[in-house]
Amino acid sequence: GAVVSQHPSWVICKSGTSVKIECRSLDFQATTMFWYRQFPKQSLMLMATSNEGSKATYEQGVEKDKFLINHASLTLSTLTVTSAHPEDSSFYICSARRQGALSYEQYFGPGTRLTVT
Amino acid sequence: AQKVTQAQTEISVVEKEDVTLDCVYETRDTTYYLFWYKQPPSGELVFLIRRNSFDEQNEISGRYSWNFQKSTSSFNFTITASQVVDSAVYFCALSEEYNNNDMRFGAGTRLTVKP
(Lines give C-alpha, C1' and ligand atoms only; values in the text may rest on other atoms or scores of the structure.)
Protein backbone atom coordinates (compact mmCIF):
# COMPACT_ATOMS: atom_id res chain seq x y z
CA GLY A 1 0.00 0.00 0.00
CA ALA A 2 0.82 3.72 0.00
CA VAL A 3 1.86 4.02 -3.62
CA VAL A 4 2.38 7.37 -5.27
CA SER A 5 2.67 7.74 -9.02
CA GLN A 6 3.80 10.60 -11.20
CA HIS A 7 3.03 11.27 -14.81
CA PRO A 8 4.86 11.72 -17.01
CA SER A 9 8.09 10.13 -15.86
CA TRP A 10 10.01 12.36 -18.23
CA VAL A 11 9.10 15.22 -20.51
CA ILE A 12 10.89 17.44 -22.97
CA CYS A 13 9.35 20.75 -23.86
CA LYS A 14 10.33 23.86 -25.72
CA SER A 15 11.19 27.08 -23.99
CA GLY A 16 8.13 29.24 -23.43
CA THR A 17 5.63 26.41 -23.27
CA SER A 18 3.87 25.07 -20.19
CA VAL A 19 4.01 21.56 -18.87
CA LYS A 20 1.83 19.80 -16.33
CA ILE A 21 3.03 17.08 -13.98
CA GLU A 22 0.57 14.88 -12.14
CA CYS A 23 1.02 13.28 -8.76
CA ARG A 24 -1.46 10.60 -7.72
CA SER A 25 -1.90 8.59 -4.58
CA LEU A 26 -3.05 5.26 -5.94
CA ASP A 27 -4.30 3.39 -2.91
CA PHE A 28 -4.91 6.04 -0.30
CA GLN A 29 -6.32 9.50 0.13
CA ALA A 30 -3.78 12.25 0.57
CA THR A 31 -4.75 15.37 2.45
CA THR A 32 -1.35 16.92 1.92
CA MET A 33 1.06 16.69 -0.96
CA PHE A 34 4.54 18.11 -1.22
CA TRP A 35 6.46 19.11 -4.32
CA TYR A 36 10.25 18.96 -4.41
CA ARG A 37 12.77 19.96 -7.05
CA GLN A 38 16.16 18.37 -7.49
CA PHE A 39 18.80 19.83 -9.78
CA PRO A 40 21.55 17.51 -11.04
CA LYS A 41 23.86 16.34 -8.28
CA GLN A 42 22.00 18.40 -5.72
CA SER A 43 19.61 17.71 -2.92
CA LEU A 44 15.84 17.78 -2.90
CA MET A 45 14.46 21.20 -2.16
CA LEU A 46 10.89 21.66 -1.02
CA MET A 47 9.00 23.92 -3.40
CA ALA A 48 5.51 23.93 -1.96
CA THR A 49 2.99 22.20 0.22
CA SER A 50 -0.54 21.68 -0.98
CA ASN A 51 -3.55 20.73 1.04
CA GLU A 52 -6.63 19.37 -0.66
CA GLY A 53 -9.11 22.11 -1.45
CA SER A 54 -6.92 25.02 -0.45
CA LYS A 55 -4.17 27.13 -1.93
CA ALA A 56 -0.65 25.82 -1.89
CA THR A 57 1.98 27.25 0.41
CA TYR A 58 5.18 28.07 -1.42
CA GLU A 59 8.67 28.12 -0.01
CA GLN A 60 10.60 31.34 -0.10
CA GLY A 61 12.08 32.00 -3.50
CA VAL A 62 9.63 29.80 -5.41
CA GLU A 63 7.49 31.78 -7.84
CA LYS A 64 3.89 30.80 -7.30
CA ASP A 65 2.81 32.28 -10.63
CA LYS A 66 5.34 30.17 -12.44
CA PHE A 67 4.77 26.91 -10.59
CA LEU A 68 1.03 26.46 -10.36
CA ILE A 69 -0.12 23.79 -7.96
CA ASN A 70 -3.62 22.40 -7.88
CA HIS A 71 -4.69 19.83 -5.30
CA ALA A 72 -8.27 19.41 -6.42
CA SER A 73 -8.93 15.97 -5.00
CA LEU A 74 -7.64 13.67 -2.29
CA THR A 75 -5.77 11.59 -4.82
CA LEU A 76 -4.41 14.10 -7.30
CA SER A 77 -2.14 17.11 -7.22
CA THR A 78 -0.76 18.79 -10.31
CA LEU A 79 2.24 21.02 -10.82
CA THR A 80 2.20 23.20 -13.91
CA VAL A 81 5.43 24.86 -14.94
CA THR A 82 4.33 27.87 -16.92
CA SER A 83 6.47 29.48 -19.61
CA ALA A 84 9.22 27.01 -18.95
CA HIS A 85 12.83 27.98 -19.51
CA PRO A 86 15.99 25.87 -19.64
CA GLU A 87 16.79 26.76 -16.04
CA ASP A 88 13.57 25.00 -15.01
CA SER A 89 15.03 21.72 -16.24
CA SER A 90 15.12 19.55 -13.16
CA PHE A 91 13.84 16.41 -11.47
CA TYR A 92 10.49 17.06 -9.82
CA ILE A 93 9.37 14.74 -7.04
CA CYS A 94 6.10 14.74 -5.19
CA SER A 95 5.20 13.13 -1.92
CA ALA A 96 1.87 12.50 -0.28
CA ARG A 97 0.72 12.30 3.31
CA ARG A 98 -2.06 9.85 3.88
CA GLN A 99 -5.31 11.09 5.38
CA GLY A 100 -5.42 10.14 9.03
CA ALA A 101 -1.81 8.97 9.05
CA LEU A 102 0.79 9.98 11.58
CA SER A 103 2.14 13.37 10.73
CA TYR A 104 5.58 12.24 9.63
CA GLU A 105 4.41 9.68 7.09
CA GLN A 106 5.18 10.74 3.54
CA TYR A 107 5.29 8.57 0.48
CA PHE A 108 7.35 9.67 -2.48
CA GLY A 109 6.56 9.39 -6.14
CA PRO A 110 9.14 8.17 -8.64
CA GLY A 111 9.85 11.65 -9.97
CA THR A 112 9.46 13.47 -13.28
CA ARG A 113 12.47 14.55 -15.26
CA LEU A 114 11.80 17.81 -17.08
CA THR A 115 14.07 19.04 -19.84
CA VAL A 116 13.39 22.42 -21.38
CA THR A 117 15.12 23.04 -24.71
CA ALA B 1 15.02 26.41 11.31
CA GLN B 2 15.71 22.79 10.78
CA LYS B 3 18.90 21.87 9.02
CA VAL B 4 20.63 18.68 7.94
CA THR B 5 24.32 18.47 7.16
CA GLN B 6 25.96 15.65 5.27
CA ALA B 7 29.55 16.72 5.11
CA GLN B 8 30.71 13.85 2.92
CA THR B 9 29.95 14.72 -0.67
CA GLU B 10 31.38 11.57 -2.20
CA ILE B 11 32.76 8.35 -0.82
CA SER B 12 34.42 5.58 -2.76
CA VAL B 13 35.12 2.18 -1.27
CA VAL B 14 36.04 -1.24 -2.51
CA GLU B 15 33.52 -4.02 -2.23
CA LYS B 16 33.32 -5.68 1.19
CA GLU B 17 34.61 -2.63 2.99
CA ASP B 18 32.50 -1.07 5.73
CA VAL B 19 31.45 2.52 5.20
CA THR B 20 29.79 5.10 7.45
CA LEU B 21 27.76 8.00 6.14
CA ASP B 22 27.54 10.93 8.50
CA CYS B 23 24.49 13.05 9.22
CA VAL B 24 24.29 15.97 11.63
CA TYR B 25 21.06 17.85 12.21
CA GLU B 26 19.80 21.00 13.86
CA THR B 27 16.34 21.56 15.25
CA ARG B 28 14.65 23.49 18.01
CA ASP B 29 11.77 21.08 18.30
CA THR B 30 11.70 18.33 20.87
CA THR B 31 9.66 16.07 18.65
CA TYR B 32 11.18 15.32 15.29
CA TYR B 33 11.88 12.47 12.92
CA LEU B 34 15.02 11.50 11.10
CA PHE B 35 15.15 9.53 7.89
CA TRP B 36 17.60 7.94 5.51
CA TYR B 37 16.77 7.48 1.84
CA LYS B 38 18.68 5.83 -0.96
CA GLN B 39 18.49 7.32 -4.45
CA PRO B 40 19.79 5.02 -7.17
CA PRO B 41 20.49 6.34 -10.68
CA SER B 42 16.82 5.88 -11.61
CA GLY B 43 16.04 8.76 -9.25
CA GLU B 44 13.33 7.11 -7.22
CA LEU B 45 13.79 7.54 -3.50
CA VAL B 46 13.99 4.34 -1.50
CA PHE B 47 13.02 4.64 2.14
CA LEU B 48 15.54 3.01 4.48
CA ILE B 49 14.68 4.03 8.02
CA ARG B 50 12.83 6.47 10.23
CA ARG B 51 13.69 7.35 13.82
CA ASN B 52 11.77 9.59 16.17
CA SER B 53 13.47 11.88 18.63
CA PHE B 54 12.43 9.82 21.63
CA ASP B 55 13.94 6.60 20.41
CA GLU B 56 17.71 6.57 20.57
CA GLN B 57 18.06 2.86 20.16
CA ASN B 58 20.44 1.90 17.43
CA GLU B 59 19.02 -0.25 14.71
CA ILE B 60 20.41 -2.98 12.55
CA SER B 61 18.81 -4.31 9.41
CA GLY B 62 20.94 -6.84 7.62
CA ARG B 63 24.09 -5.08 6.49
CA TYR B 64 22.68 -1.68 7.43
CA SER B 65 22.92 -0.10 10.85
CA TRP B 66 22.11 3.31 12.23
CA ASN B 67 23.56 5.17 15.20
CA PHE B 68 21.35 7.92 16.61
CA GLN B 69 22.96 10.15 19.22
CA LYS B 70 21.00 13.16 20.45
CA SER B 71 23.97 14.40 22.46
CA THR B 72 25.85 15.08 19.22
CA SER B 73 22.76 15.60 17.02
CA SER B 74 23.93 12.86 14.73
CA PHE B 75 22.24 10.04 12.89
CA ASN B 76 24.94 8.08 11.13
CA PHE B 77 24.44 5.21 8.74
CA THR B 78 26.84 2.30 8.36
CA ILE B 79 26.89 -0.25 5.58
CA THR B 80 28.81 -3.38 6.49
CA ALA B 81 30.51 -5.45 3.80
CA SER B 82 29.49 -3.04 1.06
CA GLN B 83 28.37 -4.32 -2.32
CA VAL B 84 28.36 -2.78 -5.78
CA VAL B 85 24.55 -2.55 -5.60
CA ASP B 86 24.93 -0.16 -2.66
CA SER B 87 26.26 2.47 -5.04
CA ALA B 88 23.80 5.36 -4.91
CA VAL B 89 23.24 8.77 -3.39
CA TYR B 90 22.12 8.60 0.22
CA PHE B 91 20.09 11.36 1.81
CA CYS B 92 19.50 12.07 5.45
CA ALA B 93 16.34 14.06 6.18
CA LEU B 94 14.62 15.72 9.11
CA SER B 95 10.95 16.33 9.75
CA GLU B 96 9.69 18.45 12.64
CA GLU B 97 6.41 17.64 14.33
CA TYR B 98 5.37 21.26 14.74
CA ASN B 99 6.55 22.53 11.38
CA ASN B 100 3.96 20.83 9.22
CA ASN B 101 6.30 17.87 9.08
CA ASP B 102 7.69 18.91 5.74
CA MET B 103 10.90 17.08 5.10
CA ARG B 104 14.26 18.82 4.84
CA PHE B 105 17.03 16.92 3.16
CA GLY B 106 20.77 17.01 3.55
CA ALA B 107 22.95 17.56 0.52
CA GLY B 108 23.41 13.83 0.04
CA THR B 109 26.44 11.57 -0.06
CA ARG B 110 27.31 9.80 -3.30
CA LEU B 111 28.61 6.34 -2.48
CA THR B 112 30.51 4.39 -5.08
CA VAL B 113 31.36 0.79 -4.33
CA LYS B 114 33.97 -0.62 -6.67
CA PRO B 115 34.28 -4.33 -7.39
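Use the structure listed above.
Residues numbered from 1 in each chain as written. Chains lettered and ligands numbered in written order. Predicted model: local features only at pLDDT ≥ 70, side-chain atom pairs only at ≥ 80, totals over all residues. Heavy atoms only, no water.

Trainee: Would you explain the interface of chain B and chain A in this entry?
Mentor: A common measure of how large an interface is: the accessible area buried when the components associate. Each partner contributes residues to the interface: chain B has 20 residues there, and chain A has 19 residues. Buried surface at the junction of chain B and chain A, both sides included, amounts to about 1600 Å², of which 52% is carbon and sulfur. Here chain B is connected to chain A by one salt bridge. For E59 of chain A, the salt bridge goes to R104 of chain B, with nearest N and O atoms at 3.0 Å. Here chain B is connected to chain A by four residue pairs in polar contact (both at pLDDT 80 or more). Secondary structure elements with two or more residues in the side of chain B that touches chain A: strand 5 (32-39) and strand 11 (103-105) of chain B. By residue number, the principal contributor to the side of chain B that touches chain A is strand 5 of chain B, which donates four residues. Looking at side-chain class alone, the side of chain B that touches chain A contains eight nonpolar, six polar and six charged residues. (Contact = heavy atoms within 4.5 Å. Buried area = accessible area lost by both parts, 1.4 Å probe. Salt bridge = Lys/Arg side-chain N within 4 Å of Asp/Glu carboxyl O. Polar contact = N/O pair within 3.5 Å; in protein donor to acceptor, adjacent residues only side chain to side chain. Helix = DSSP H or I, 4+ residues; strand = E, 2+ residues; numbered from the N terminus. Nonpolar A, V, L, I, M, F, W, Y, C, P; charged D, E, K, R; others polar.)

Trainee: Looking at this structure, I do not really get the nonpolar core. What am I missing?
Mentor: One recurring pattern in soluble globular proteins: nonpolar side chains tend to sit buried together. If you look at the biggest cluster of nonpolar residues, it comprises 25 residues, and the most contacted ones within it are W35, F67, L79, Y92 and L114 of chain A. If you list the elements that add at least two residues to this core, you get strand 2 (10-13), strand 3 (19-25), strand 4 (30-38), strand 5 (44-51), strand 7 (67-73), strand 8 (76-81), strand 9 (90-98) and strand 11 (112-116) of chain A. With near-sequence residues (within four places) excluded, L79 of chain A lies in contact with V19, K20, I21, W35, F67, L68, I69 and Y92 of chain A. Of all hydrophobic cores here, the second largest spans 24 residues; its members include I49, Y64, L94 and L111 of chain B. (Core = buried A, V, L, I, M, F, W, Y, C linked by side-chain atoms within 4.5 Å. Buried < 20%, exposed > 50% of the residue type's maximum accessible area, 1.4 Å probe, protein only.)

Trainee: Looking at this model, I keep getting lost on the side chain of R51 of chain B. Mind explaining?
Mentor: All names here are of chain B. Residue placement: R51 occurs in strand 6 (residues 46-52). One polar contact links R51 to D55, side chain to side chain, over a distance of 3.4 Å. A polar contact of 3.0 Å, which involves the side chain of R51, links it to the backbone oxygen of Q57. Ignoring any residue separated from it by four or fewer positions in sequence, one finds R51 in contact with Y32, Y33, L34, Q57, N58, E59, F68 and F75.

Trainee: Can you walk me through the layout of surface pockets in this structure?
Mentor: Sizing a probe to match a water molecule and rolling it over the atoms shows the empty space that remains. When its volume is computed, the largest pocket comes out at roughly 530 Å³. Looking at the largest pocket, it is lined by 25 residues, and the ones nearest its centre are Q38 and K41 of chain A together with Q39, V89 and R110 of chain B. Counting only elements with at least two residues in the lining of the largest pocket, the list comes to strand 9 and strand 11 of chain A together with strand 10 (88-96) and strand 12 (109-114) of chain B. The biggest single contributor to the lining of the largest pocket is strand 10 of chain B, with three residues. Counted by class, the lining of the largest pocket contains 11 nonpolar, 10 polar and four charged residues. (1 Å grid on protein atoms, 1.4 Å probe; cavity = no way out; pocket = protein on both sides within 12 Å on 5 of 7 lines; lining within 4 Å. Points joined across faces, edges and corners; volume = space filled by probe spheres on them.)

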